[in-house]
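Residue strings, one per chain:
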Amino acid sequence: MSPPTDTPPAGTAVRRFGPAQRWVHRATAVLTGVCVLTAACLYVPQLAQLVGRRALVVTVHEWSGLLLPVPVLAGLVSRAFRADLGRLNRFGPYDRTWLRAALRRDRRPSSRPAAKFNAGQKLYASWIAGATLVMLGTGLMMWFTHLTPLVWRTSATFVHDWLALTLGIVLAGHIGMALADPEARRGMRTGSVRREWAEREHPLWRP
């Protein structure tokens, strides 16, 4: 008996992501995870006491946040990655249909038409991109305190802290949805998904 593999059989496999997309996703996930964990150690007293070395945690948090856009910028070298960014940035009539079905909690695949990315994934990507830029800007204002007046730094701290909390909640939802869909995880991990899953979840996608 042959051992199980992590990739679908060749006849049923569909190529979903190339090395560039997977590398960008993994690198961004690592940097985001470091940002979230270090932020928790800075703001949760119990974790702060457990970890200690606050100055080191602050430094790691600052540099991981500063490096967060780097994987995406490096990924722009890849034509496949740029093509996926274009797909994420375009909304069609079928995306509105998908969103209406999601609001009605209609889980039938026929009521949720999607191309390579569904409307939920497009909204998530847009929101994360915007939130990352805001977090980067407000973080720089908090880091380089001599560059901006006090009222700006106070406002930046308020926005940074509350957006960080919102970001943590949204990321938890993203991870939860990924855990509920093993085939989607397989696609991001290995680059290939089963054709049956692709036809059911992304019927408008023509790989």
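Below: a short report on this structure. Sequence positions are assigned chain by chain, starting from 1 and proceeding in written order. Side-chain atom pairs in this predicted model are given and counted only at pLDDT of 80 or more, local residue features only at pLDDT of at least 70, and totals for whole chains, interfaces and linings cover all residues. In computing side-chain properties, one takes all heavy atoms of the structure into account and sets aside hydrogens as well as water.

### Focus on helix H7 (residues 119-143)
Because each turn of an α-helix spans 3.6 residues, side chains separated by three or four positions in sequence point in the same direction. In this text, helices come from DSSP runs of H or I with a minimum length of four residues, and strands from runs of E with a minimum of two, each type numbered from the N-terminal end. Any helix carries an expected span of 1.5 Å times its number of residues minus one. Over its 25 residues, H7 extends 36 Å from the first C-alpha to the last, a length consistent with the 36 Å expected when each residue adds 1.5 Å. If you check which residues of H7 are buried, you get Ala119, Lys122, Ile128, Ala131, Thr132, Met135 and Thr138. Here, two residues are considered to be in contact whenever any of their heavy atoms come within 4.5 Å of each other. Buried-residue contacts for H7 involve helix H5 (79-88), helix H6 (93-103) and helix H8 (150-179). Residue burial is assigned from relative accessible area. The probe radius is 1.4 Å, only protein chains are included, and a residue is buried under 20% of its type maximum, exposed over 50%, and partly exposed in between.

### A few points about the packing of aromatic side chains
By convention, a stacked pair of Phe, Tyr or Trp rings (six-membered ring in the case of Trp) has centres within 6.5 Å and planes under 30 degrees apart, an edge-to-face pair has planes over 60 apart, and any other such pair is tilted. Under the defined criterion, the tally for this structure stands at four aromatic pairs. Note on Phe158 and Trp162: the rings are 6.5 Å apart at their centroids and 50° apart in plane angle, and the pair reads as tilted. In this pair, Phe158 and Trp162 both sit in helix H8, four residues apart, roughly one turn of the helix. Judged by relative accessible area, which is 55%, Phe158 ranks as exposed.

### What to know about a nonpolar patch on the surface
A surface patch of nonpolar side chains, about 620 Å² in accessible area, is lined by Val134, Phe158, Val159, Trp162, Leu165 and Ile169. With five residues, the single largest contributor to the nonpolar patch is H8. Residue placement: Ile169 occurs in helix H8. Patches in this entry comprise residues that are over 30% relatively accessible and not in a salt bridge; like charges within 9 Å are linked, as are nonpolar side chains (Val, Leu, Ile, Met, Phe, Trp, Tyr) within 5 Å. All accessibility values rest on the Shrake-Rupley procedure with a 1.4 Å probe; residue burial counts only the protein chains present in the view. A carboxyl oxygen of Asp or Glu within 4 Å of a side-chain nitrogen of Lys or Arg is what we treat as a salt bridge.

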